[in-house]
Amino acid sequence: MDILDEIVIGKRLEVARLKEAVPLESLLGFGERRFGSATCSMRRALEASQSGIIAEFKRRSPAKGWLAPEAKVCDVVPAYERGGASACSILTDTDFFGGSYDDLRNARNEVSLPLLRKDFIIDAYQLYQARIMGADAVLLIAAILTRAECEDFAAIAHQLGMEVLLEVHSEKELSYLNENVDMLGVNNRHLGTFHTDVDNSFRMIERMKSEAGSLTNAPLFVSESGISDTSLIKKLREVGFRGFLIGETFMKTADPGAALTTFINELNG
């Protein structure tokens, strides 16, 4: 069993307990006010941005251990916004990434940036959760879903007013693309082994363009993980990427917001 299998097994147990404690009907009642609120387009924010950086808030990584165990959303995420992030990714998985549902709720109260709920979505229940917590977009990971599940979840996310970032790691997972995918992300980190290879984005880009070209609305391309220098972003932009999800590069520093500011200044310099 690899790490991803272990994560998914734990996630299924977690969601089952949540659904038993707070059935969907009750959850919808609690979140009625949130469903009437507008969301912010992450895709449009990335398209309009010179940097395209999705700054991530995470305390822990299964591969690297604790990065910032004491980090607080109220300190880091507003600093990301001030530093020029185009959007923020908020880890809500507790067991493996040290996140929480409160992290996303608190981030929503602190910033107006588009917020991505980053978690291991294996049940539609989590999509309703995401909307109630204030997410503007959700991550769907091809490696843990069937194509039918991916299509269903993407459609539900759109019905709830959220955008979809579909994450793939290999060319065969591009078959998960559908009309409700707003952003297509290549994870340069294999979720089973957590080995990182940034060249994966360059290997995948031509097939991504080919597959996306058959859709009515082609998704925006995002490169995820392993990005630590501005020269790499410039090369990725040249081949067609417009979003860049970066977490550890910032979170492992004493001041993630300042690290982001320095990074963007160098990128735009």
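Here is a short report on the structure shown in this document. Given the structure is predicted, the values throughout are model-derived calculations rather than measurements.

Concerning the state of the cysteines
Move 1: The final tally for this structure, using the stated rule, is zero disulfides.
Move 2: In this model Cys 40 remains outside any disulfide bridge; the closest cysteine sulfur is found in Cys 88, 11 Å from its own.

Some thoughts on helix H7 (residues 125-133)
Move 1: With nine of nine residues buried, H7 is to be regarded as a mostly interior element.
Move 2: The first or second residue beyond H7 is Gly 134, which carries a positive phi of 110 degrees.

Details of the pattern of salt bridges
Move 1: Throughout the structure, instances matching the rule amount to 18 salt bridges.
Move 2: With its nearest N and O atoms 3.0 Å apart, the salt bridge here joins Glu 56 to Lys 118. Residue Glu 56 is located in strand E1 (residues 53-57), and its partner Lys 118 is located in strand E5 (residues 115-118); the two are separated by 62 residues in the primary sequence. Summarising the burial analysis for this pair, Glu 56 and Lys 118 share the class buried.
Move 3: Lys 209 is the partner of Glu 206 in a salt bridge, and the nearest nitrogen-oxygen pair spans 3.8 Å. On the criterion of helical spacing, the pair formed by Glu 206 and Lys 209 is a turn pair, its members being three residues apart in helix H9 (residues 199-212).
Move 4: By relative accessible area, which is 54% here, Glu 206 ends up exposed.
Move 5: The class for Lys 209 is partly exposed, based on a relative accessible area of 36%.
Move 6: When salt bridges that share partners are traced, they join Glu 56, Lys 58, Lys 64, Lys 118, Arg 189 and Glu 248 into one network.

Some details on the nonpolar core
Move 1: Core analysis: the largest hydrophobic core is formed by 93 residues, its most contacted members being Ile 53, Tyr 80, Leu 140, Leu 166, Met 208 and Phe 250.
Move 2: Counting residues per element, this core draws most heavily on H7, at six residues.
Move 3: Setting aside anything within four residues of it in sequence, one finds Ile 53 in contact with Ala 85, Ser 86, Ala 87, Ile 233, Phe 244, Ile 246, Phe 250, Leu 260, Phe 263, Ile 264 and Leu 267.

Digging into the packing of aromatic side chains
Move 1: Evaluated as defined, the whole model comprises four aromatic pairs.
Move 2: Chaining the aromatic ring pairs together yields one cluster made of Tyr 80, Phe 250 and Phe 263.
Move 3: Residue placement shows Arg 60 over the ring face of Trp 66; its charged tip is 5.7 Å from the ring centre.

About the cut-offs
- Residues numbered from 1 in each chain as written.
- Predicted model: local features only at pLDDT ≥ 70, side-chain atom pairs only at ≥ 80, totals over all residues.
- Heavy atoms only, no water.
- Disulfide = S-S within 2.5 Å.
- Buried < 20%, exposed > 50% of the residue type's maximum accessible area, 1.4 Å probe, protein only.
- Helix = DSSP H or I, 4+ residues; strand = E, 2+ residues; numbered from the N terminus.
- Salt bridge = Lys/Arg side-chain N within 4 Å of Asp/Glu carboxyl O.
- Core = buried A, V, L, I, M, F, W, Y, C linked by side-chain atoms within 4.5 Å.
- Contact = heavy atoms within 4.5 Å.
- Phe/Tyr/Trp six-rings, centres within 6.5 Å; stacked < 30°, edge-to-face > 60°.
- Lys NZ or Arg CZ within 6 Å of the ring centre and 35° of its normal.

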